[in-house]
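Now for the letters of each chain:
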Amino acid sequence: MKHLLLGFAALALSGCFGEENRIYTVDELTADEALLAKITSECRNNPGTLRQTPNCQNAEAAHWKLWLRTTPGG
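### Observations regarding the overall build of the protein chain
- From N to C terminus, the protein chain includes five helices and zero strands.
- In the protein chain, the order of α-helices and β-strands from amino to carboxyl end is α-α-α-α-α.
- When burial is assessed residue by residue, the protein chain has 18% of its 74 residues classed as buried.
- In the protein chain, the share of contacts with a sequence separation of at least 24, taken over all contacts with a separation of at least 6, comes to 57%.
- By element, 62% of the accessible surface of the protein chain is carried by carbon and sulfur atoms, the whole surface being about 5,800 Å².

### Comments concerning the side chain of Thr-30
- Structurally, Thr-30 is set in helix α2 (residues 26–31).
- If we ignore the near neighbours within four places in the chain, the residues touching Thr-30 are Ala-62, Lys-65, Leu-66 and Arg-69.

### Examining the packing of helix α3 (residues 33–45) against helix α5 (residues 54–70)
- Closest axis-to-axis distance for the α3/α5 pair is 9 Å, and the angle between their directions is 125 degrees. Viewed along their axes, α3 and α5 adopt a mutual orientation that is oblique. Both α3 and α5 take part in a crossing whose hand is left-handed. Where α3 abuts α5, its residues Glu-33, Leu-36, Ile-39, Thr-40, Cys-43 and Arg-44 lie against Asn-55, Cys-56, Ala-59, Glu-60, Ala-62, His-63 and Leu-66.
- The residue inventory of the contact of α3 with α5, partitioned by class, reads seven nonpolar, three polar and three charged.

### Focus on the environment of Arg-51
- In this fold, Arg-51 is placed in the loop between α4 (47–50) and α5.
- Along the backbone, Arg-51 and Thr-40 are eleven residues apart, and their C-alpha atoms lie at a distance of 9.9 Å.

Rules used in this analysis
Residues numbered from 1 in each chain as written. Predicted model: local features only at pLDDT ≥ 70, side-chain atom pairs only at ≥ 80, totals over all residues. Heavy atoms only, no water. Helix = DSSP H or I, 4+ residues; strand = E, 2+ residues; numbered from the N terminus. Buried < 20%, exposed > 50% of the residue type's maximum accessible area, 1.4 Å probe, protein only. Contact = heavy atoms within 4.5 Å. Areas by Shrake-Rupley, 256 points an atom, 1.4 Å probe, with all protein chains shown as cover. Axes fitted to C-alpha atoms, helices over the stretch in contact; angles between N-to-C directions. Parallel < 35°, antiparallel > 145°, perpendicular 65-115°, else oblique. Left-handed = near helix turned anticlockwise from the far one by under 90°. Nonpolar A, V, L, I, M, F, W, Y, C, P; charged D, E, K, R; others polar.

Right under this line is the structure:
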């Protein structure tokens, strides 16, 4: 019973940290250009703090991946 209550508590708390702390993959960002634009904008507005975060690095990689697809010969 104690473990069941701990499980419910953990599940309830996990909802408190939803999308804010989620790390998106390069493929997810490539597939959702609106999300990519949002994250890229946030990263560019605060590069000193966010530049080295996984989402900013993945957004940069997704940006280049999309750019290479659209260039002639890419």
